[in-house]
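Breakdown of the fold
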Amino acid sequence: MVCAGWPYVNSTPHLGTLTQLLSADVYARYLRLKGEEAVLVSGSDEHGAPIEVEALRLGVSPRQLTNRNHQLIKHLLKAFDIQFDNYTRTESRVHKEFVQKTYRKIEQNGYIYSQSVILPYCENHQRFLPDRFVEGECPHCHSQGARGDQCDNCGKILEPTDLIKPYCVLCHQTPILKESKHWFFDLPKLSERLRKYVEKNPNFPENARNFSLSWIKEGLKPRSLTRDISWGIPAPFEGAKGKTLYVWMEAVLGYVSATKEWAENNHKPNLWKKFWLDPESRNIHFVGKDNIPFHTIIFPGLLEASGDKYNLPWQVSSTEWIQFEGQKFSKSRRIGVWIDEAIELAGAEYWRYALISLRPELKDANFTWEEFERKINTELNDVLGNFVHRTISFLQTHFRGRVPDYSARELSDRDTLAVLEQAPKKIEEKFKRFRLKEALEQIIELAREGNRYLNDREPWKTYKTDKALAGQSLGISVQILATVGVTLQPFLPKSASSILKALSEKKPFRWNQAGKCFVKPGTQIRSLKPLFHKVSAQDLRAKLEQLRSSKPLEAEA
Ligand SMILES: [Zn+2]
Ligand SMILES: [Zn+2]
């Protein structure tokens, strides 16, 4: 069960969010290649105050706004070749029903209570002002325009009543304070179970583990479950008419509901249980660092509280931050690149390569156009592209495209074949530790080894005096290329497919073929156009400027 964090659809995702989705796709593709049954789900997280505020500003209904953004994002993610089994949305019928049913169980099991709270209320609009409906001065850093849920300037989490000089974001009038009844998830009741779960889970990366344990140690707090807003899933509790569930507390259940919906769509309505209830299955998440507690504490807490025997997250592959040219992504300040722009600037395979090879697995990463240029030009083009091109074109010109006879005669050939045999094991070792960036580096290293081998054997020289010797080197190069093609499939599916199609008619190529010499002498190899071309940071910057001047960016909600 592979789960990718759900993009919040008030705008299109930026490169950081795309990296999570790509990571999940790479991992799911790897599992399928290994012959595992893997399901990949994600979807649009579309409820809550930020969307409602944005819709009010645009003069459309929240549903109109998210319909548009959901379709657009779904289409864009397809363009990046992300192979979801189900990319759904939190407005889906299955999700809403599942969330309500699960919360009723959680309530029956005694994990939900209600309490009166004092909240800002706009008399002009006759509504409560939760989260982003209210802004004011931050009580910590005193910057203006802090929101009711968070201060963007200092990053502190806020309650609407924390704000100094609060005002309604819609009419700028000062709100009054008014009492409202709300429902809470009694997370502290689950502290001990969650502590054991985190401690006994050896897979969590260090950041997820440390963060979660210190959260539990500090003492878990009850989580607010309801809101006085209309754009959301109606709270299914007694006396909660007119309230909706807090977006953060329902979207996270979408991993299960998306799998249920997938099973229903495939006319096997019980199939989801195999992935969520069968202890033989594994639950794997790809999220950013800011989402750790939702996946290691709150989501497992909700599943436990439901009383059903769910598989809890087995791995939460949580990456560090990705910055854009040394700064935090910000749509309002136009810092960053958004996926609708990215796909216009370079092909999906370039982004897949650059973003996975920048994946912030152990430390923060910084995306710059110069780094993008360096990765594409010196790694993708000069190492991988060059190895593919020289091997195939030399075969075409000197061996009429037929794989020559080869065997491990020379000592250096034996060394090279040993490197080839070891390569998939090294790559797998990285996958086992969820180090996708390092796995991709290993593939580039294998292509580099292929280039080194060709430089060393110089078939373009030996060809003139000893055609068999030149053929020997080419035969071995083809085997290296085949393993590069097989192992590259999860990362760059299109390029890998082009390489493999040139080498063989047979399909599909499984992971266990990697490292073996499976392209037999005499096989007819087809010619291949160069897979990549060089890019220029300067050109990309100019192209982005041009794109933005012709299509102004929407403001961030
Ligand atoms: Zn602040
Ligand atoms: Zn107002």
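Preceding block: the structure.
Computed from a prediction, not measured in an experiment: that's the story for all the values here. (Residues numbered from 1 in each chain as written. Chains lettered and ligands numbered in written order. Predicted model: local features only at pLDDT ≥ 70, side-chain atom pairs only at ≥ 80, totals over all residues. Heavy atoms only, no water.)

For the rest of this paragraph, the subject is the sheet that holds strand β9 (residues 176–185). Taken in spatial order, the four strands make up an open sheet running β5-β4-β9-β10, and their pairing is antiparallel. Edge strands, defined here as strands with exactly one partner in the open sheet, are β5 (127–128) and β10 (223–224). Sheet topology places strand β4 (residues 112–122) next to β9; ten bridges connect them, and they run antiparallel. Counted as the bridge partner of isoleucine 112 is phenylalanine 185 from β9. (Pairing = 2+ DSSP bridges. Helix = DSSP H or I, 4+ residues; strand = E, 2+ residues; numbered from the N terminus.)

The next point concerns the pattern of salt bridges. Counted by the stated rule, this structure contains 38 salt bridges. Across the pair glutamate 428 and lysine 34 runs a salt bridge whose closest N-O atoms are separated by 2.5 Å. Here glutamate 428 is found in helix α14 (residues 411–432), whereas its partner lysine 34 is found in the loop between α1 (15–33) and β2 (40–44), with 394 residues between them in sequence. Classification of glutamate 428 as buried rests on a relative accessible area of 16%. In this structure lysine 34 comes out as partly exposed when scored by relative accessible area, which is 39%. Glutamate 445 serves as the salt-bridge partner of arginine 452, at 3.2 Å between the closest nitrogen and oxygen. Residue class for glutamate 445 comes out partly exposed when judged on its relative accessible area of 31%. Where salt bridges share partners, they join Glu371, Arg374, Lys375 and Glu379 into one cluster. (Salt bridge = Lys/Arg side-chain N within 4 Å of Asp/Glu carboxyl O. Buried < 20%, exposed > 50% of the residue type's maximum accessible area, 1.4 Å probe, protein only.)

It is worth spelling out unusual backbone geometry at this point. A positive phi is found at histidine 172, a non-glycine position, where the angle reads about 65°. Among the secondary structure elements, histidine 172 is positioned in the loop between β8 (164–168) and β9. A relative accessible area of 55% places histidine 172 in the exposed class. A positive phi is found at glutamate 325, a non-glycine position, where the angle reads about 45°. Positionally, glutamate 325 belongs in the loop between β15 (322–324) and α11 (339–345). A relative accessible area of 31% places glutamate 325 in the partly exposed class.

Now for the coordination of the zinc ion (ligand 2). Donor atoms from the polypeptide that coordinate the zinc ion (ligand 2) comprise Cys122 (SG), His125 (ND1), Cys168 (SG) and Cys171 (SG), at 2.1 to 2.3 Å from the metal. One can describe the site at the zinc ion (ligand 2) as tetrahedral: its four donor atoms subtend angles covering 102 to 116° at the metal. Classification of cysteine 171 by relative accessible area gives partly exposed; the value is 25%. (Donors = N, O, S within 2.8 Å, 3.2 Å for Na, K, Ca; no water. Tetrahedral: all angles 85-135°; square planar, octahedral: opposite > 155°, others 65-115°.)

To continue, consider the sheet that holds strand β13 (residues 284–288). Within the open sheet, the five strands sit side by side as β3-β2-β1-β13-β14. Their pairing is parallel. Since the sheet does not close on itself, it has two edges, and those belong to β3 (86–89) and β14 (315–319), each with one partner. Across this sheet, the average inter-strand angle for adjacent strands is 20°, counted without regard to direction. Bridge count between strand β1 (residues 2–4) and β2: two bridges; the pairing is parallel. Bridge pairing in β2 links valine 2 to leucine 40. (Axes fitted to C-alpha atoms, helices over the stretch in contact; angles between N-to-C directions.)

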